[in-house]
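Understanding the architecture of this molecule
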Amino acid sequence: MGQRLSGGWPCLDVPGRLLSQPPTPPPPVRRKLALLFAMLCVWLYMFLFSCAGSCAAAPGLLMLGSGSRAAHAPPALATIPNGTPPRLPFRALPATALASGKEIAEGASSQEEQSPETPDSPSPISSFFSGSGSKQLPQAIIIGVKKGGTRALLEFLRVHPDVRAVGAEPHFFDRSYDKGLAWYRDLMPRTLEGQITMEKTPSYFVTREAPARISAMSKDTKLIVVVRDPVTRAISDYTQTLSKRPDIPTFESLTFKNRSTGLIDTSWSAIQIGIYAKHLEHWLRHFPVGQMLFVSGERLISDPAGELGRVQDFLGLKRIITDKHFYFNKTKGFPCLKKAEGSSKPHCLGKTKGRTHPEIDREVVQRLREFYRPFNLKFYQMTGHDFGWD
């Protein structure tokens, strides 16, 4: 019945004329797959575009260490006189064997400060975006305190897509100020519009020149101070030094000028750093207290999401870091990140964090608590926050 046209199309035999049969339309499944593929391409493009901030900002397993760190890492820093915390106006300790032990302890502690943990290799996406944006001077700085939880806070903050931070401690305002702001800016990671540049150097809080120098850079700089029970902080400080120099004197012998009289040696930096009220006085001469945020090192462990919420509000950021980002590591004794942007693995701070503290004589601990109590109460009044150390 049917006939074929010269072009090879089948025809229908209709009385009076021949009709060509139209080509078979593509199956509905094929059309849906094509549409799905197009949508996937659009989604992938939008994801990569939005990831320019978040993926480049979250280093290593947190995407630790952007690709620019190796190029801009400062050279080995020589010890200079103002690199150590300023001494309070107390009578100096005579040069004895005990004083030599303190100097060894201070040296070992300083050496570890200059050798922060090496960040992991950046992810491919982080590397892809590392050349985007421009370098800016920091709008926010974590200025202290040593052994208070500053590293944990910085690593938690770097999960936020709008935070870019230097991995290593620049030590610009205490050790390298003579190198100039151009050198300092070059250490910073690149940021996109709307992102915040940050750094952390805990020794700034106890450096007398730091407040004026930061104010000269920008009076609008936001300052974050992570504080911790000064007695626990001092023991943690000593523990860090002991891990480097096992031959240093005992904590008890370093704490006192004279054990029999109970006179505390405030020239030892492990003790001196914890006199927060005296150090804060220097900062309040250059910055209003409202421009400073005081983070509880204890709450950073017991309720990291709560403290991170306060920090994000202070920095004017959307609350993106929440409970879902953390889990508690019982072995280390502090919270870790479940995963960061661009990583499917959990991440805890390095082995230098969470060291077991040595047993300290209870009478020594009690004497230290009595020593710090009036300074703590004054610090509570100055900050408007009771940290509950007493």
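- As named in an unreviewed UniProt entry, the protein chain is Sulfotransferase, taken from Heterocephalus glaber.
- Turning to the protein chain, the UniProt record has this under Sequence similarities (unreviewed entry): "Belongs to the sulfotransferase 1 family."
- Its UniProt record, at the heading Subcellular location (unreviewed entry), says of the protein chain: "Golgi apparatus membrane".

1. Side note on the state of the cysteines
- Summed over the entire model, instances satisfying the criterion amount to one disulfide.
- Disulfide pairing is shown between Cys336 and Cys348; the S-S distance is 1.8 Å. Linking Cys336 and Cys348, the disulfide has an S-S dihedral of approximately 105 degrees and is accordingly described as right-handed. With Cys336 in strand E13 (residues 334-337) and Cys348 in the loop between E13 and helix H14 (362-383), this pair connects stretches of sequence that are 12 residues apart. The burial state of Cys336 is the same as that of Cys348; both residues are buried.

2. Comments concerning the sheet that holds strand E4 (residues 140-144)
- As summarised here, the arrangement of the five strands in space is E5-E7-E4-E8-E11, forming an open sheet in which the pairing is parallel. Looking at which strands have only one partner, the edges of the open sheet turn out to be strand E5 (163-165) and strand E11 (292-296). The mean angle between the axes of side-by-side strands here comes to 25 degrees, regardless of whether they run parallel or antiparallel.
- One ladder, built from four bridges, connects E4 with strand E8 (residues 222-227); its direction is parallel. The partner of Ile141 across the bridge, within E8, is Leu223.

3. Considerations on the nonpolar core
- Of all hydrophobic cores here, the largest spans 32 residues; its most connected members are Ile143, Ile214, Trp283 and Phe379.
- Looking at this core, the elements that each hand over two or more residues are E4, helix H6 (181-187), helix H7 (210-217), E8, helix H11 (276-284), E11 and H14.
- With four residues, the top contributor of residues to this core is H11.
- The contact partners of Phe379, leaving out residues within four places of it in the chain, are Val227, Tyr276, Ala277, Leu280, Phe294, Phe387 and Trp389.

Cut-offs and rules
Residues numbered from 1 in each chain as written. Predicted model: local features only at pLDDT ≥ 70, side-chain atom pairs only at ≥ 80, totals over all residues. Heavy atoms only, no water. UniProt positions renumbered as here; feature names shortened; annotations may be inferred. Disulfide = S-S within 2.5 Å. Helix = DSSP H or I, 4+ residues; strand = E, 2+ residues; numbered from the N terminus. Buried < 20%, exposed > 50% of the residue type's maximum accessible area, 1.4 Å probe, protein only. Pairing = 2+ DSSP bridges. Axes fitted to C-alpha atoms, helices over the stretch in contact; angles between N-to-C directions. Core = buried A, V, L, I, M, F, W, Y, C linked by side-chain atoms within 4.5 Å. Contact = heavy atoms within 4.5 Å.

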